[in-house]
Amino acid sequence: MPTALEPIELPDWAWERAEVRQALRSRDVGAVFRHVQQYAGASQSRIATATGMTQARVNEIINKRREVSRLDVYERIADGLHMPDDARHLLGLAAGREKRSGGAAFDLAAFPEVVRVYAAQSSAREEIQQQARQAAELDVLAVRGLGLIGLNDSLLRACLPREQGGKGLRIRVLLLDPDSDALTQRAAEIGESTEALAGGVRLAEARLRELAGSCDIGVYRYRMLPTWRLIRTDSTMFVSAFDAGWEGHESATYKVMETPHGPLYRGFRRMFEAIVDGAQRTV
């Protein structure tokens, strides 16, 4: 029989269940505790000990007579329940202690801007779409943008207003100039003809022009060799990279949040604005 001092460990699959993820996303700590009871067999006493609370307080939270609102309490709960980083991110917290490639430990909490790392864009799809549906501003830095926003089945298209006079969403899309030397170089890097890549950019521009009646959209052509691929939804960015033989959607994707003093979000935002200033607007 587990004692109150025994650590609480949920199986990995429990953190992936839809109802657990929803409880984390909505910061419903009472629901989280109930799932911990269900999937780890933990008593209120064990939860209390693990999270630094009294059993009476845990009981109040479980029975919806008290809510959690303080960040330090969320941190204590996450640590006490040994939440994996994915679960911590859903709760709005930075990752826990991780390992560098050399084996030395570092604390990602010291870098609170980077709140999650996805292996590729496909892993971040649901999160990006959720952010886009709620956004007042959407910025995209891409090469041709068809898979991001140009086509009907692209990542962001279904998240945008579809009717004339829709919500006041401001969209800016930066695409690689189809007549630039940089596009020719990029086409060679990915083994595609210049004509095909340039045609993709022009198709994306034509499809984005269709959105002009439902939102405030601006489409721009830039002429530098693409390095970073950005999706910004208000104060959240999803950042990946282009490289020779490497498409942006294949890159690891970093979720970066705006913080008062963090350099990454500010730096990428500044870079985007500088590219817009030097680009040619086509839509």
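Position numbers for residues count from 1 along each chain, tracking the sequence in the order it is written. Only residues with pLDDT of 70 or above have their local features reported here, since the model is predicted, and side-chain atom pairs are shown and tallied only from 80 upward, although totals for entire chains, interfaces and linings are computed over all residues. Heavy atoms from the whole structure form the basis of all side-chain values; hydrogens and water molecules are not counted.

J.: Account for the packing of aromatic side chains, naming residues and giving values.
T.: What counts as a ring pair is set by centres within 6.5 Å for rings of Phe, Tyr and Trp (its six-membered ring), and what kind of pair is set by the plane angle: stacked under 30 degrees, edge-to-face over 60, tilted for all other angles. Enumeration over the complete set of coordinates arrives at two aromatic pairs. For the pair W13 and Y39, a centre-to-centre distance of 5.4 Å together with 80 degrees between the ring planes defines the contact as edge-to-face. With a gap of 26 residues between them, W13 in helix α1 (residues 12–15) and Y39 in helix α3 (residues 29–40) connect regions that are remote in the sequence. Taking the relative accessible area as the measure of exposure, Y39 reaches 16% and is therefore buried. Seen from their ring centres, W228 and F268 are 5.1 Å apart, and the 75 degrees between their planes marks the pair as edge-to-face. The way it works is that DSSP assigns letters per residue, a run of H or I at least four long becomes a helix, a run of E at least two long becomes a strand, and they are numbered from the N terminus. Using a 1.4 Å probe on the protein chains alone, a residue whose accessible area is under 20% of its type maximum counts as buried, one over 50% counts as exposed, and one in between counts as partly exposed.

J.: Describe helix α5 (residues 55–62), listing the residues and the values that go with them.
T.: Buried within α5 are the following residues: V58, I61 and I62. Around the axis of α5, the buried residues are gathered within 95 degrees of arc, so they sit on the same side. Looking at the buried residues of α5, the elements they touch are α3 and α4 (44–51). Just downstream of α5 lies K64, where phi reads positive at about 65 degrees. The arc under discussion is defined with respect to the helix axis, by the directions toward the C-beta atoms. Here, residues are in contact when the closest pair of their heavy atoms is within 4.5 Å.

J.: Just give me the short version of the nonpolar core, but keep the residues and values in it.
T.: Residue types Ala, Val, Leu, Ile, Met, Phe, Trp, Tyr and Cys, when buried and joined through side-chain atoms within 4.5 Å, form a set referred to as a nonpolar core. With 50 residues, the main nonpolar core has L138, I149, L156, I171 and L174 as its most contacted residues. With residues up to four places along the chain from it excluded, the contact list for I149 reads L138, S154, L156, R157, L160, I171, V173 and L208. Listed in part, the 31 residues of the second largest apolar core include L24, V29, A42 and I47.

J.: Talk me through the pairing of strand β3 (residues 114–118); I want residue IDs and the actual numbers.
T.: Across the five residues that make up β3, a large majority, four, are buried. Strand direction decides the pairing type here: β3 and strand β9 (residues 253–257), joined by four bridges, are antiparallel. The residue bridging V114 from the neighbouring strand is V256, located in β9. When DSSP finds two or more bridges between a pair of strands, those strands are recorded as paired.

J.: Quick rundown of the sheet that holds strand β8 (residues 236–241)? Include the residues and the values.
T.: Read across the open sheet, the eight strands follow the order β3-β9-β8-β7-β4-β5-β6-β10; overall the sheet is mixed. Pairing within the sheet leaves two strands with one partner each, and these edge strands are β3 and β10 (280–281). Across two bridges, strand β6 (residues 216–222) lies against β10 in antiparallel orientation. Across the sheet, Y220 pairs through a bridge with R281, a residue of β10. Axis definition: a line fitted to C-alpha atoms, over the contacting stretch in the case of helices. Angles run 0 to 180 degrees between N-to-C directions. Along the sheet, helix α11 (residues 194–209) makes contact with β5 (170–176) and β6, crossing β5 at roughly 165 degrees.

J.: Give a description of helix α2 (residues 18–25) that names residues and reports values.
T.: Every buried residue of α2 is accounted for by V20, R21, A23 and L24. An end-on view of α2 places all buried positions within 160 degrees of arc, on one side of the element. In this fold, the buried residues of α2 make contact with α1, α3, α7 (85–90) and β3. Remark: R27 follows α2 within two positions and exhibits a positive phi of approximately 55 degrees.

J.: So what's going on with unusual backbone geometry? Residues and values would help.
T.: Unlike most non-glycine residues, K64 shows phi in positive territory, near 65 degrees. Residue placement: K64 occurs in the loop between α5 and α6 (71–80). Here K64 falls in the exposed class, since its relative accessible area comes to 66%.

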